[in-house]
Amino acid sequence: MTPPRLPSPAALPDETSFSSRLRSAAVSARVGTVLGVCFALAFLTGLVSHYAQNPSQPVPFPTSPAWGYRLTQGLHVISGTAAVPLLLVKLWTVYPLLLARPSLRLRRLVVELAERLSILLLVGAALFLLVTGLQNVSHWYPWAFSFRSTHYAMAWIAIGALVLHVAVKLPVIRHALGHDVDDTTHDRSEHGDHEGRLSRRGLLRATWVATGAVVLATAGSTVPWLRRVSVLAVRSGEGPQGVPVNKTAEDAGVTDLARDPGYRLEVVNGARSVSLTREDLLALPQRSEELPIACVEGWSASGTWSGVRLRDLLDLVEAPPGSEVVLRSLQESGPFRVTLLPANFADDDRTLVALGLAGEELDIDHGYPARLIAPNRPGVLQTKWLGTIEVRT
């Protein structure tokens, strides 16, 4: 009796296993160029956001335009989100090259190793940035590390790997972009002659449409008139008094302290200090300012805030112009319960200790009894539930 024939083990895929003409340098270069623009835009706007949150700033972050941070952070999240479909298509087109056998010639081998190292670093860093970035936008933090510092470090790795990758592949990129998308000069030998159901132009059109759809589905967090179509935006624009809220008073554990009839706002400059009730604050000259509030998650909204100029409060304790200010919230814990306000923000006429929003008493989730609102400042630094304002000496 003839023994049964055992099936041969499945062969591992290699470069020759992928013959689609869509996996070409002509497609990869075009998708990679747009992806590179998105990465560069996200990197540069990310640097702006990181610097804006630094306690120490050799060059003070500007207070104008008031909508500056709203624009840069919105671009940061939009460009990062747009990179998701672009990166997936880019990886699909170049995947077979990663399975190619290395060259036996030393010079070529060095180039191939540099190329694969750049791809390894770029893909790893890019996936980390995009995944954790989307989790941050969604307020989901399944990790123990600091998001801001780790995201910042990985961004440098990603941009460095991108520069290395472009330098290695520049001759191929230049040729591919300078010729028709159906040019076969840099096609792999495994490519067949069959066009397939989808052409290269069709793949590119589908990629641009998918990227545009992702942008429209998320941009409403920053662009109000897109909110009806931005089904993936984590903030609808709705919230108390028409402005969204990240952290509520209940989440911060300040409900009782904020509603306490004995509340006092302490303004301190060395030995000089004043203690003000909310009624005292309302009795001071009031101002209204139309200012946006923009958060690192990419959402933003404008509101008409009313209250007392911070500079007027600092004058009560004879704080000189050019003074930095330390703001303390009533909340007992949290990374931003204490913030530093640079001197140019403290002296700006538009910086308020806000007591109202949209013509109404400030909602407790927006920082009642008093909060900071300043132009062109990250939302996490717009301290809510103010307890103490202290001049830094």
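Everything discussed here concerns the structure shown above.
Predicted, not measured: the structure shown is a model, and the values here were computed from it.

**A look at the overall build of the protein chain**
Secondary structure assignment for the protein chain yields 10 helices and 10 strands. The C-alpha atoms of the protein chain give 27 Å as radius of gyration, which overshoots the globular expectation for 393 residues (21 Å, by more than 25%). Taken over the C-alpha atoms alone, the protein chain extends approximately 95 × 50 × 45 Å along its principal axes. Partitioning the contacts of the protein chain with sequence separation of at least 6, the portion at a separation of at least 24 is 70%. As presented, the protein chain carries roughly 20100 Å² of accessible surface, and 61% of it is formed by carbon and sulfur atoms.

**Section: unusual backbone geometry**
That bond from serine 64 to proline 65 is cis: its omega, 0°, falls within 30 degrees of zero. Residue placement: proline 65 occurs in the loop between helix 1 (25–52) and helix 2 (68–94). The peptide bond linking tyrosine 368 to proline 369 adopts the cis configuration, its omega dihedral lying at 15°. Inspection of the secondary structure assignment puts proline 369 in the loop between strand 8 (360–361) and strand 9 (371–373). The backbone of histidine 139 shows a phi angle near 60°, a positive value even though the residue is not glycine. Turning to its location among the elements, histidine 139 is positioned in the loop between helix 3 (106–137) and helix 4 (147–178).

**So, the environment of leucine 357**
Summarising the element assignment, leucine 357 is placed in strand 7 (residues 352–357). Taking the C-alpha atoms as reference points, leucine 357 and valine 214, separated by 143 residues in sequence, lie 33 Å from one another. The residues touching leucine 357, leaving out its near neighbours within four places in the chain, are Pro240, Gln241, Val243, Gly303, Thr304, Trp305, Ser306, Leu362 and His366.

**Topic: a nonpolar patch on the surface**
On the surface, Leu41, Trp67, Leu71 and Leu75 cluster together into a nonpolar patch covering about 360 Å² of accessible area. Tracing the sequence through the fold places leucine 41 in helix 1.

**Points about helix 4**
Two residues of an α-helix separated by three or four positions point the same way, owing to the 3.6 residues in each turn. The end-to-end C-alpha distance of helix 4, which contains 32 residues, comes to just 40 Å, noticeably less than the 46 Å that a straight helix rising 1.5 Å per residue would cover. Its axis deflected by about 70° at lysine 169, helix 4 carries its strongest bend there, up to four residues before the proline proline 171. Each element contacted by the buried residues of helix 4 is listed here: helix 1, helix 2 and helix 3.

**A word on the packing of helix 1 against helix 2**
Between helix 1 and helix 2, the least distance of the axes is 7 Å, while the angle of their chain directions is 150°. Taken together, the axes of helix 1 and helix 2 lie roughly antiparallel to each other. Relative to helix 2, helix 1 is oriented so that their crossing is left-handed. Residue classes in the contact of helix 1 with helix 2 are distributed as 18 nonpolar, 11 polar and 1 charged.

**Considering helix 3**
Between its terminal C-alpha atoms helix 3 stretches 46 Å, which fits the 46 Å expected from 32 residues at 1.5 Å a residue. A positive phi of about 60° marks histidine 139, the residue just after helix 3.

**As for the sheet that holds strand 10 (residues 386–391)**
One open sheet accounts for 5 strands, arranged 2-1-10-5-6; its pairing is mixed. Edge strands, defined here as strands with exactly one partner in the open sheet, are strand 2 (272–276) and strand 6 (338–341). Across this sheet, the average inter-strand angle for adjacent strands is 15°, counted without regard to direction. As paired elements, strand 5 (residues 325–329) and strand 6 share 4 bridges and run antiparallel to each other. For valine 326, the partnering residue across the bridge sits in strand 6 and is leucine 340.

**Regarding the pairing of strand 1 (residues 265–269)**
When a strand is regular, its side chains alternate between the sheet's two faces. Taking burial as the measure, the 5 residues of strand 1 include 4 buried ones, the bulk of the element. Linkage of strand 1 to strand 2, two consecutive antiparallel strands, is achieved through a turn of 2 residues, within which glycine 270 is found at a positive phi near 60°. Looking at chain direction, strand 1 and strand 10 are connected through 3 bridges and run parallel. Note that in strand 10 the partner of valine 268 across the bridge is glutamate 390.

Conventions used here
- Residues numbered from 1 in each chain as written.
- Predicted model: local features only at pLDDT ≥ 70, side-chain atom pairs only at ≥ 80, totals over all residues.
- Heavy atoms only, no water.
- Helix = DSSP H or I, 4+ residues; strand = E, 2+ residues; numbered from the N terminus.
- Rg over C-alpha atoms; globule rule 2.2 N^0.38 Å.
- Contact = heavy atoms within 4.5 Å.
- Areas by Shrake-Rupley, 256 points an atom, 1.4 Å probe, with all protein chains shown as cover.
- Patch = residues over 30% accessible without salt bridge, like charges linked within 9 Å, V, L, I, M, F, W, Y side chains within 5 Å.
- Salt bridge = Lys/Arg side-chain N within 4 Å of Asp/Glu carboxyl O.
- Expected span 1.5 Å × (residues − 1).
- Bend = angle between axes of the 7 residues up to and from the residue.
- Axes fitted to C-alpha atoms, helices over the stretch in contact; angles between N-to-C directions.
- Parallel < 35°, antiparallel > 145°, perpendicular 65-115°, else oblique.
- Left-handed = near helix turned anticlockwise from the far one by under 90°.
- Nonpolar A, V, L, I, M, F, W, Y, C, P; charged D, E, K, R; others polar.
- Pairing = 2+ DSSP bridges.
- Buried < 20%, exposed > 50% of the residue type's maximum accessible area, 1.4 Å probe, protein only.

Geometry only, nothing functional implied.
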